[in-house]
Amino acid sequence: MSGGVGDARVVVVGAGPAGMAAARAAAEAGAPVLLIDSGPGLGGQYHRQNALARQERFTLPDGVEHLPDSVVWALEKVPAGHRVHVRTGPADGPGRRGRSIDTRALVLATGAYDRALPFPGWDLPGVTTAGAAQAMAKGQGVRVGERVLLAGTGPFLLPVAESLTAVGSRVLGVLEANDPAAGWLTEPAGLLAGRGKTGELAGYAALLARHRIPYRRRSTVIEAHGTDRVEAVTWARLDRDWHIVPGSERRIEADAVCVGFGFTPQLELAVSARCAIRDGFVTVNTAQATSVPGVFAAGELTGIGGAVLSADEGTVAGTAAARTAGARSASGARPGPPVRALRRVRSGGRFAAALGRAYPVRPGWQGWLREDTLVCRCEEVCHGALRRAVEERDALGVRSMKLVSRAGLGPCQGRICGRNVAELTGLPESGVAFARRPLAAPLRLSELAEPPPGAATPEPPAAPAPPTDVTPAPPAPHEEQE
Amino acid sequence: MVTPTSSPTPAPHASDRMTPAPDVVVAGAGVIGAACAEALSAAGLRVCVLDRGAPASGTTASGEGNVLVSDKGPGPELALAQASRRRWPELLASLREELGPAGAEAEWDAKGGLVVATTEEAVTPLTAFAAAQRGAGVRADEIGADRAAELEPQLTKGLTAAVHYPEDAQLQPVLAATTLLAAVRARGGEVRSGVTALGVTTHASGAVSGIRTSGGIIPCGAVVNACGPWAGHFAASAGVPLAVLPRRGMVLVTGPLPDGTVRHKVYDADYVGAVASGDADLQTSTVVESTRAGTVLIGSSRERVGFDDSVRVDVLRELARKALGLFPVLAQVPVMRAYGGFRAYAPDHLPIIGEDPRLPGMWHATGHEGAGIGLAAATGQLLTELWTGRQPVVDPAPFRVDRPAVTEEGRAAA
C-alpha cells in the first residue's frame, strides 16, 4: 500500500461547495482526486436545498472520481499519511461496499449542521430546524406548516423565511435573539469585508416588508404548546444575555416553529485526525492546512461564512493538498498558489469572524429550560436529570456524563444535544466534548467484521455469518478493498 | 482538564482552610480510589479524594463493569475476586440504606457468566480450568449444549464445551464509583475535581506529611495512590518508583436490541489465556453482554501501545469478527460507537495494595488490569483492614508493594 500512484491521490471528504472546489482545484493542479460524500449527488447540503429551484448540474474535471452515498466511518493514521475507511451504498440497505484508501493529502470539508437550542415543547412534531424546513421547502416543495414562526440568530434565518414564503407558508415573524444592528456597527472592518453580503441582507429586508413579516430583534420562541403537535407558541423579549424579559411573553397560534441558532461543525473526522480545534472550529493556516501534516480543512468546519467563502477555501485547500501529494501539471510544473481565492478567503474570513461576533449564542438560553425539558431527545434525558448527574453523581466529564445520564448515547450520538449538554452542565471543551467518535458513522457488525482483502484468510468464526450481501471487488494496485 | 466553573455545584477549592486537614488524601477518583475512600471513611477517617479530571471518567468509564470470578484461576487474585464478589452486594445494600435507593443505584445484575469453547482444542483447557476453580470454591458448572441453548438461545450452535458461572455479575462502573463517592461526601469527606496530584511532602522522620497538588499542598496523615494507569507517574514523583503500565482496550457498543438477545456475560474460552498473558502486543478475546439500556457491549482487546488512544480498525474488526462467531444473530445489528481506555497492570499481573515500606504514609491501590471494577470492593476493604490492623479479608502478602516485580522494575522504568 506504499508507493505507486495511489499515494499521489488527494482524498476530499464532503461534496458541498468547499469539497467540490477542493476537488476541482486539486485535479486542475494535476492530482488524481477521490471525492467522497454521503449524498447521492454533488452539492452537499447547501445545494441540495436548492435542488428544485436551480436544477443545478455540477461537472467535475477528469481525474476526479466521485464516490456518492458513501460514509467515512473511520480515519486511521498510517505511515504514509491517513487511511480513510468508507462504506458505499444506501445507509439502510444491505449491500454496502467497503473500501479503504490511503492518502498523503486529505481535505476535510464535512460542513456543519443547524444548531437547535432546547426549550419547553421543542420535542413536539412541528418544531424543526430552520435548515430542515428550508430543505423540505426547496428540495421537495413541502410546507413545514401553515403558520410558521422562525426563531434563532444569524442572517441565515432570512433565506429560510424566503423559502417558506415561496411554498405558501405564512411566516408569522422572524425572531432574532441578538441585536445585529448594534453588532454590525461595532464591526466596521467585517462590514466592509462583507459588503456583498450587506446587499444580500438588504434584499431580504425588502422581502420581509413585502410580505409584512415582522422582524424582531432580541426576541425568541421560549415554549411550544400542543398535545400531538405544535398548536401555539410563546415568544418573549430577551435582554442582552438572552434572559427572558419578565412580562414580555406573548402567545400566538402557530402550527410550526423553525429554529436555527447558528451551526455546529461536523467535527468527528477532524477530531479523529487530532486536528487542533479552537472555539469549536478547526484551526487552519493560510493554505487551509490544519495542525496535522497532510490534513486540510475547508468550509464551515473552519468557521461559518457561507457558500462563497467555503468554495474559495476549498480552492485553496485543494491546491495545497495537490502540492502535498506531489502533483505536477501536464507541463510538469508544481501547482502555483491560487492567488485570487487566497485574497477572497482573507477578506471573507474577516467577514465570518465579524458574523460570529455579531450573532453569538448567549448563555441566557439556559434559563428557558424547565426541569422536565428534554435536552437529549434520542435518550429522553431532561434538564433536571443532567443537573442531578452533576450534583449527585459528580458527572463532570463527558464520559461520566454520558454514562450517568445517557445523554448523547442514542442514534445521533450527541450530534444534536452534545454542545447543549456540555454548556448546560459546564463540561470542559464544550465545542468538541461530544465529537470524539472513533466510529465516525454507525455500521453493521458484519460490515465491521469483513476481512481486508490481501490479508491471509483469518480462521473462520465458529459459525460464520457469511457476508453474502457483499461482493468484494478485486483489489486495485494502490488501495485496499474490503 | 479544568474545573468547571458554570456547574450548579459550588466550584471545589483545592485548599479549603475552613475544614480540618484530612486524615488521608486519595489521589484518583476512579472506582478503586472511590472504594478505598469509602472504606476508609466508613472506618471513621476524614477522607479527601482528588482527581485531576472528573471523577469516574478515566479507566472506570471505559470498563464493561465486570464483577467476575470465572476468568481467574486459583491463586491470590481469585481469592480477592471472591471476596469482592461477596462484598459488592453487601456494600451496595448498606449504601442504599445510607444514601437512598436512587443515590446508590449502580445497576447491579447478578446475571451469571457463560464461558464457551468453539473448537476441540479448547475443550480440555476449559474443563481443566473449571475443575481447578471448583477446587478453589468457585461455582463452575459444566453444561451441555442443550442447557447452554436454554441459557442463551441466540448463541451459536457450534459449541464444543460450555461452563456456567452463576456468581459472575455486572454493574455500571460510573454509577458504582459515584455511589461510593457520594457516601464519602455524606460522611463529611470531600471530592475535589480538577486537582492534580504532583507529589508528597514529608516530615523530618521521612513519613508523608501532605500531598502536593496543582492547587497547593494539602496537609494529611497519609496518601493513597489510586491513579490507575498513571499510578507509576505519581509514585515516581513521590520518589517511590512503581512498575505500573498501561494496556489499552477497546469495546464496541451496538444499538439497543430486544430483551433477551444476550442474557449473560458470554465469552470465548480464549479469554482466560489473554487475561493472564503479557506476551502479545495485541490480543482480543470475545466478551459479549447486554446492558440495562438494551445495548450490547462487545469486548475486549488488550494492546500494549502506551497511552496512544488513536483508533485501530484491525482491532475493531477482530472484536466484531469474534463476536459474530459467538452470536451470528448480531450480523445486521448496528454498531453505534466504540470506546477505549487504559488498564493499569503490574508486570506480574497482580494488583498492588498496601503501604509502601520505602515511604511511610504512602499507600498504593492500583494495577487491577481490567478487573478493577470487580476487585474494587475488596480492595477498599483490604486496604482499610491493613490500615486499622484488623484481620484482613484475604492474605495481603501477594499484593504487597515491595515485591521485586513491582519495585525493581519500577526503579528500572523510572
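Note that this is a predicted model, so its numbers are computed, not measured. (Residues numbered from 1 in each chain as written. Chains lettered and ligands numbered in written order. Predicted model: local features only at pLDDT ≥ 70, side-chain atom pairs only at ≥ 80, totals over all residues. Heavy atoms only, no water.)

Turning next to the overall build of chain B. Looking only at helices and strands, one finds 10 helices and 19 strands in chain B. A globule of 414 residues ought to have a C-alpha radius of gyration of about 22 Å, and chain B, at 21 Å, matches this closely. Each principal axis of the C-alpha distribution contributes one length, and for chain B these read about 65 × 45 × 40 Å. Classification of the 414 residues of chain B by burial places 60% in the buried group. Taking all contacts inside chain B whose residues are at least 6 apart in sequence as the whole, residues at least 24 apart take part in 75%. A total accessible area of about 14500 Å² is found for chain B, and carbon and sulfur atoms account for 53% of it. Of the side-chain charges in chain B, 35 are positive and 43 negative, and the distance between the mean point of each set is 3 Å. (Helix = DSSP H or I, 4+ residues; strand = E, 2+ residues; numbered from the N terminus. Rg over C-alpha atoms; globule rule 2.2 N^0.38 Å. Buried < 20%, exposed > 50% of the residue type's maximum accessible area, 1.4 Å probe, protein only. Contact = heavy atoms within 4.5 Å. Areas by Shrake-Rupley, 256 points an atom, 1.4 Å probe, with all protein chains shown as cover. Lys, Arg positive; Asp, Glu negative; His and termini not counted. Charge placed at Lys NZ, Arg CZ, Asp CG, Glu CD.)

All right, on to the overall build of chain A then. On a plain count of helices and strands, chain A comes out with 15 helices and 24 strands. Per-residue burial for chain A yields a buried fraction of 55% across its 482 residues. A separation of at least 24 residues holds for 65% of the contacts in chain A among residues at least 6 apart in sequence. In the structure as shown, chain A presents an accessible area of about 19500 Å², 53% of it carried by carbon and sulfur atoms.

Turning our eyes to something else, we now look at the nonpolar core. Trp368 of chain A together with Val47, Val49 and Trp88 of chain B are the most contacted members of the largest nonpolar core, which totals 120 residues. With residues near it in sequence (within four places) discarded, Trp88 of chain B still touches Val31, Val67, Trp108, Leu171, Ala176, Leu180, Ile373, Gly374, Ala376 and Ala377 of chain B. Val315, Leu319, Phe327 and Ala338 of chain B belong to the second-largest nonpolar core, a separate cluster that totals 39 residues. (Core = buried A, V, L, I, M, F, W, Y, C linked by side-chain atoms within 4.5 Å.)

Turning to the interface of chain A and chain B, a few remarks are in order. Every contact between the two is made by 49 residues of chain A and, on the other side, 60 residues of chain B. Approximately 4400 Å² of surface area, both sides summed, lies buried where chain A meets chain B, with 61% of it carried by carbon and sulfur atoms. When residues of chain A are sorted by the area they lose upon contact with chain B, Arg393, Arg399 and Leu445 of chain A head the list and together hold 18% of the total. At the boundary of chain A with chain B, the tally comes to 3 salt bridges. A salt bridge links Arg274 of chain A to Asp308 of chain B; the shortest N-O distance between them is 3.7 Å. Taken together, chain A and chain B are joined by 17 residue pairs in polar contact (both at pLDDT 80 or more). Contributions of two or more residues to the side of chain A that touches chain B are made by strand 4 (70-78), helix 12 (383-393), helix 13 (398-405), helix 14 (418-425), strand 23 (443-444) and helix 15 (445-449) of chain A. It is helix 12 of chain A that provides the largest number of residues to the side of chain A that touches chain B, a total of 5 residues. (Buried area = accessible area lost by both parts, 1.4 Å probe. Salt bridge = Lys/Arg side-chain N within 4 Å of Asp/Glu carboxyl O. Polar contact = N/O pair within 3.5 Å; in protein donor to acceptor, adjacent residues only side chain to side chain.)

The residue after Gly299 of chain B, namely Ser300 of chain B, is reached through a cis peptide bond having omega -20°. Its place among the elements puts Ser300 of chain B in strand 16 (residues 296-303). Phi at Arg218 of chain A is positive, roughly 50°, even though this residue is not glycine. One can find Arg218 of chain A in the loop between strand 12 (215-217) and strand 13 (219-225). Backbone geometry at Arg274 of chain A places phi at a positive 65°, although glycine is not the residue there. For Arg274 of chain A, the position within the fold is in the loop between helix 9 (268-272) and strand 18 (277-278).

A word on the packing of helix 2 (residues 76-99) of chain B against helix 5 (residues 173-186) of chain B. Residue and element names in this part refer to chain B. Running from N to C, helix 2 and helix 5 cross one another at 50°; their axes reach a closest spacing of 11 Å. Relative to helix 5, helix 2 is oriented oblique. Here helix 2 runs over helix 5; the crossing is left-handed. Counting all contacts with helix 2, which are made through Trp88, Leu91, Leu95, Glu98 and Leu99, the residues of helix 5 involved are Ala176, Thr179, Leu180, Ala182, Ala183 and Ala186. The residue makeup of the contact of helix 2 with helix 5, split by class, is 9 nonpolar, 1 polar and 1 charged. (Axes fitted to C-alpha atoms, helices over the stretch in contact; angles between N-to-C directions. Parallel < 35°, antiparallel > 145°, perpendicular 65-115°, else oblique. Left-handed = near helix turned anticlockwise from the far one by under 90°. Nonpolar A, V, L, I, M, F, W, Y, C, P; charged D, E, K, R; others polar.)

Residue and element names in this part refer to chain B. Across chain B, pLDDT averages 90, with 91% of residues at or above 70. In this model residues 1-17 is a low-confidence stretch, pLDDT under 50, and it forms 29 contacts with partners more than four residues away in sequence or in other chains. Under the prediction, the complex receives an ipTM of 0.87, its pTM being 0.87. (pLDDT = per-residue confidence, 0-100.)

Moving on: the confidence of the model for chain A. Summary statistics for chain A give a mean pLDDT of 84 and a share of 85% for residues scoring 70 or more. Across residues 454-482 of chain A the pLDDT falls below 50, and counting only partners more than four positions away or on other chains, this stretch makes 57 contacts in the model.

Residue and element names in this part refer to chain B. Across the 6 residues of strand 10 (residues 208-213), 5 count as buried, placing the element largely inside the fold. Direction of pairing for strand 9 (residues 197-202) relative to strand 10: antiparallel, over a ladder of 5 bridges. Directly across from Thr202, in strand 10, lies its bridge partner Val208. Two successive antiparallel strands, strand 9 and strand 10, enclose a turn made up of 5 residues, where Gly206 displays a positive phi of approximately 95°. By the bridge criterion, 4 bridges tie strand 10 to strand 11 (residues 216-219) in an arrangement that is antiparallel. Bridge pairing in strand 11 places Thr213 opposite Gly216. Two successive antiparallel strands, strand 10 and strand 11, enclose a turn made up of 2 residues. (Pairing = 2+ DSSP bridges.)

In this section: the sheet that holds strand 9 of chain B. Neighbouring strands of a sheet are bound in pairs by backbone hydrogen bonds; such pairs are parallel or else antiparallel. Residues and elements named next belong to chain B. The strand order 9-10-11 describes an open sheet built from 3 strands, whose pairing is antiparallel. Each edge of the open sheet carries a strand with a single partner, namely strand 9 and strand 11. Strand-to-strand twist across the sheet, computed as the mean angle between neighbouring axes with direction ignored, equals 30°.

This part covers the packing of aromatic side chains. All names here are of chain A. For the structure on display, the rule yields 7 aromatic pairs over all chains. Measuring from ring centre to ring centre gives 5.8 Å for Trp242 and Phe261, while their planes differ by 55°; the resulting arrangement is tilted. On the criterion of sequence distance, the pair formed by Trp242 in the loop between strand 14 (232-237) and strand 15 (250-253) and Phe261 in strand 16 (residues 256-261) is long-range, its members being 19 residues apart. In this pair, the class of Trp242 matches that of Phe261, namely buried. Measuring from centroid to centroid gives 5.9 Å for Phe261 and Trp368, while their planes differ by 55°, and the two rings are tilted. (Phe/Tyr/Trp six-rings, centres within 6.5 Å; stacked < 30°, edge-to-face > 60°.)

With that out of the way, let us pick up the pattern of salt bridges. This model, assessed by the stated rule, comprises 37 salt bridges over all chains. The structure contains a network of salt bridges with shared partners spanning Arg87, Arg96, Glu447 and Glu450 of chain A.

All names here are of chain A. One can find Thr129 in strand 9 (residues 127-129). A sequence separation of 313 residues divides Thr129 from Pro442, and the C-alpha atoms of the two residues are 23 Å apart. Ignoring any residue separated from it by four or fewer positions in sequence, one finds Thr129 in contact with Asp114, Ala116, Cys258 and Val259.

Before going further, it helps to spend a moment on the state of the cysteines. Residue and element names in this part refer to chain A. Within this structure, the stated rule accounts for 0 disulfides over all chains. Cys376 forms no disulfide, and the closest cysteine sulfur to it belongs to Cys417, at a distance of 4.1 Å. Overall, Cys376 belongs to the buried group, its relative accessible area being 1%. (Disulfide = S-S within 2.5 Å.)

Moving on: the pairing of strand 7 (residues 105-108) of chain A. Residues and elements named next belong to chain A. With burial as the criterion, each face of strand 7 is covered, one bearing Ala105 and Val107 and the other bearing Leu106 and Leu108. In this structure, strand 1 (residues 10-13) lies alongside strand 7, joined through 4 bridges in parallel fashion. Looking across to strand 7, one finds that Val11 is bridged to Leu106.

All right, on to the sheet that holds strand 14 of chain A then. Residue and element names in this part refer to chain A. Read across the sheet, 3 strands follow the order 13-14-15 without closing on themselves; strand pairing throughout is antiparallel. Only two strands of the sheet have a single neighbouring strand rather than two, namely strand 13 and strand 15. Put simply, the sheet's adjacent strands are angled 30° from each other on average, direction ignored. Judged from the 6 bridges that link them, strand 13 and strand 14 form a sheet pairing that is antiparallel. Each residue of the ladder has a partner; that of Ala224, found in strand 14, is Val233.

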